[in-house]
Amino acid sequence: NGSTMSKYNTSDKKTHLELTDDAAHVNWGGDWHMPNRAQCLELFKETKNGFVTGAGAFTQYAWNNSNGYSSPTSTTATISGWNTEGYFFFKNSYTSVTDAISAKDYLFIPTAGYYQNGAVGGVSHDGAGYDGGVWASALGSKGVEYAWDLCFGIGRAGVGYDSRYYGLPVRGVVGQMDEAI
């Protein structure tokens, strides 16, 4: 419920990670940092993107401003020899995902799932192969126990928020760190 959060809580009123707490910056240094919410949204709004199954079926998604998520439009390609489920982002200038792959000019995030406390007190790994995401660098709007993340799965993709106790992957970016939204 957030009452045990020692930082980024109701007492300190911090809502964005300091660089000393940013996993991308701590591990890679320089200008690397975890993306902010605006950068996550930019990926969906300013690129072609979509979900690929382990069999290589790529379904392009389209951004919907009314609900703030990307939704499937149609299966547009089969990526020959592809065997990892996940989410692709590539420049609008490419005709298809296969063109972006040929040019080696894309961002791919696998469906790594997430870790959470299990019912018996252990840690469980859920969602691998059908659910994915990466943490953003700011608390979510629902309360201090939540943080923004870039999230996706079969049938949906966007920027949402999850419980801070979930273990999600981190994807570093370089660029503007200010939160624009």
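The structure this text deals with has already been given above.
As the structure is a computational prediction, the values presented were derived from the model and not from experiment.

A.B. asks: Honestly, the overall build of the protein chain in this entry has me stumped. Any pointers?
C.D. replies: Of the regular secondary structure elements, the protein chain holds 3 helices and 12 strands. For a compact globule of 181 residues, the expected C-alpha radius of gyration is about 16 Å, and the protein chain comes in at 17 Å, within 12% of that figure. In terms of overall dimensions, the protein chain has a C-alpha envelope of 50 × 40 × 35 Å along the principal axes. Here the protein chain holds 181 residues, and 41% of them are scored as buried. Considering only contacts within the protein chain whose residues lie at least 6 apart along the sequence, 49% involve residues at least 24 apart. Of the roughly 9600 Å² that the protein chain leaves accessible, carbon and sulfur atoms contribute 50%. With 12 positive and 17 negative side-chain charges, the protein chain shows a spacing of 2 Å between the two charge centroids.

A.B. asks: In this structure, what is going on with the pattern of salt bridges? I would like to understand it.
C.D. replies: When their charged atoms lie close together, side chains carrying opposite charge are able to pair. Applying the stated rule across the entire model yields 5 salt bridges. Of the charged contacts in the structure, one is a salt bridge between glutamate 18 and lysine 14, with a shortest N-O distance of 2.5 Å. According to the relative accessible area criterion, glutamate 18 is partly exposed, its value standing at 31%. Classification of lysine 14 by relative accessible area gives partly exposed; the value is 29%. What you see here is one network of salt bridges that share partners, running through Lys7, Lys14, Glu18 and Asp21.

A.B. asks: Would you explain the environment of alanine 23 in this entry?
C.D. replies: Secondary-structure assignment places alanine 23 in helix α1 (residues 23-28). Residues alanine 23 and glycine 172, 149 residues apart in the sequence, show an inter-C-alpha distance of 8.3 Å. Each residue touching alanine 23, except ones within four places of it in the same chain, is listed here: Met34 and Val170.

A.B. asks: Could you clarify how one ought to interpret the packing of aromatic side chains in this entry?
C.D. replies: A ring pair, where both rings are aromatic, is described by two values, the distance of the centres and the angle of the planes. Summed over the entire model, instances satisfying the criterion amount to 17 aromatic pairs. Measuring from ring centre to ring centre gives 5.2 Å for tyrosine 165 and tyrosine 166, while their planes differ by 85°; the resulting arrangement is edge-to-face. Cation over ring: arginine 37 sits above tryptophan 148, and NZ or CZ is 4.3 Å from the ring centre.

A.B. asks: So what exactly am I meant to see when it comes to the state of the cysteines here?
C.D. replies: Should the sulfur atoms of two cysteines be covalently bonded, the bond is a disulfide. In total, this model carries 0 disulfides according to the counting rule given. With no disulfide of its own, cysteine 40 has cysteine 151 as its nearest cysteine by sulfur position, at a separation of 9.2 Å.

A.B. asks: It is not clear to me how the nonpolar core should be interpreted in this structure. Could you clarify?
C.D. replies: Across soluble globular proteins, nonpolar side chains have a tendency to be buried as a group. Grouped together as the largest cluster of nonpolar side chains are 17 residues, with contacts concentrated most on Phe44, Tyr87, Phe89, Ile109, Leu150 and Phe152. Looking at this core, the elements that each hand over two or more residues are α2 (37-46), β5 (86-90), β6 (106-110), β9 (131-139), β10 (146-153) and β11 (156-163). Tyrosine 87 has contacts with Phe44, Asn49, Gly50, Phe51, Tyr61, Ser70, Leu107, Phe108, Ile109, Phe152 and Ala157, leaving out every residue within four places of it along the chain. Among the nonpolar cores identified, the runner-up in size contains 11 residues, and Ala77, Ile79, Trp82 and Ile101 belong to it.

A.B. asks: I'm lost on the sheet that holds strand β4 (residues 69-78) in this one. Help?
C.D. replies: Within a sheet, each strand pairs with its neighbour through backbone hydrogen bonds, oriented either parallel or antiparallel. On the basis of which strands lie adjacent, the open sheet formed by 8 strands has the order β6-β5-β2-β3-β4-β11-β10-β9 and antiparallel pairing. The open sheet terminates on both sides in strands that have one partner only, identified here as β6 and β9. Across the sheet, the mean angle separating the axes of adjacent strands is 30° when strand polarity is ignored. Relative to β6, β5 runs antiparallel, the two sharing 5 bridges. Counted as the bridge partner of phenylalanine 89 is leucine 107 from β6. Taken strand by strand, α2 contacts β2 (48-52), β3 (57-64), β4, β5, β6, β9, β10 and β11, and its axis lies near 160° from that of β11.

A.B. asks: Looking at this model, I keep getting lost on the pairing of β2. Mind explaining?
C.D. replies: Successive side chains on a regular strand alternate, one facing one side of the sheet and the next facing the other. For β2, the tally of buried residues reaches 5 of 5 residues, placing the bulk of the element in the interior. Neither face of β2 is exposed, since Lys48, Gly50 and Val52 on one face and Asn49 and Phe51 on the opposite face are all buried. Two strands pair when backbone bridges link them, and β2 and β5 are joined in this way by 5 bridges, in the antiparallel orientation. Paired with phenylalanine 51 across the two strands is tyrosine 87, which belongs to β5.

Rules of the game
- Residues numbered from 1 in each chain as written.
- Predicted model: local features only at pLDDT ≥ 70, side-chain atom pairs only at ≥ 80, totals over all residues.
- Heavy atoms only, no water.
- Helix = DSSP H or I, 4+ residues; strand = E, 2+ residues; numbered from the N terminus.
- Rg over C-alpha atoms; globule rule 2.2 N^0.38 Å.
- Buried < 20%, exposed > 50% of the residue type's maximum accessible area, 1.4 Å probe, protein only.
- Contact = heavy atoms within 4.5 Å.
- Areas by Shrake-Rupley, 256 points an atom, 1.4 Å probe, with all protein chains shown as cover.
- Lys, Arg positive; Asp, Glu negative; His and termini not counted.
- Charge placed at Lys NZ, Arg CZ, Asp CG, Glu CD.
- Salt bridge = Lys/Arg side-chain N within 4 Å of Asp/Glu carboxyl O.
- Phe/Tyr/Trp six-rings, centres within 6.5 Å; stacked < 30°, edge-to-face > 60°.
- Lys NZ or Arg CZ within 6 Å of the ring centre and 35° of its normal.
- Disulfide = S-S within 2.5 Å.
- Core = buried A, V, L, I, M, F, W, Y, C linked by side-chain atoms within 4.5 Å.
- Pairing = 2+ DSSP bridges.
- Axes fitted to C-alpha atoms, helices over the stretch in contact; angles between N-to-C directions.

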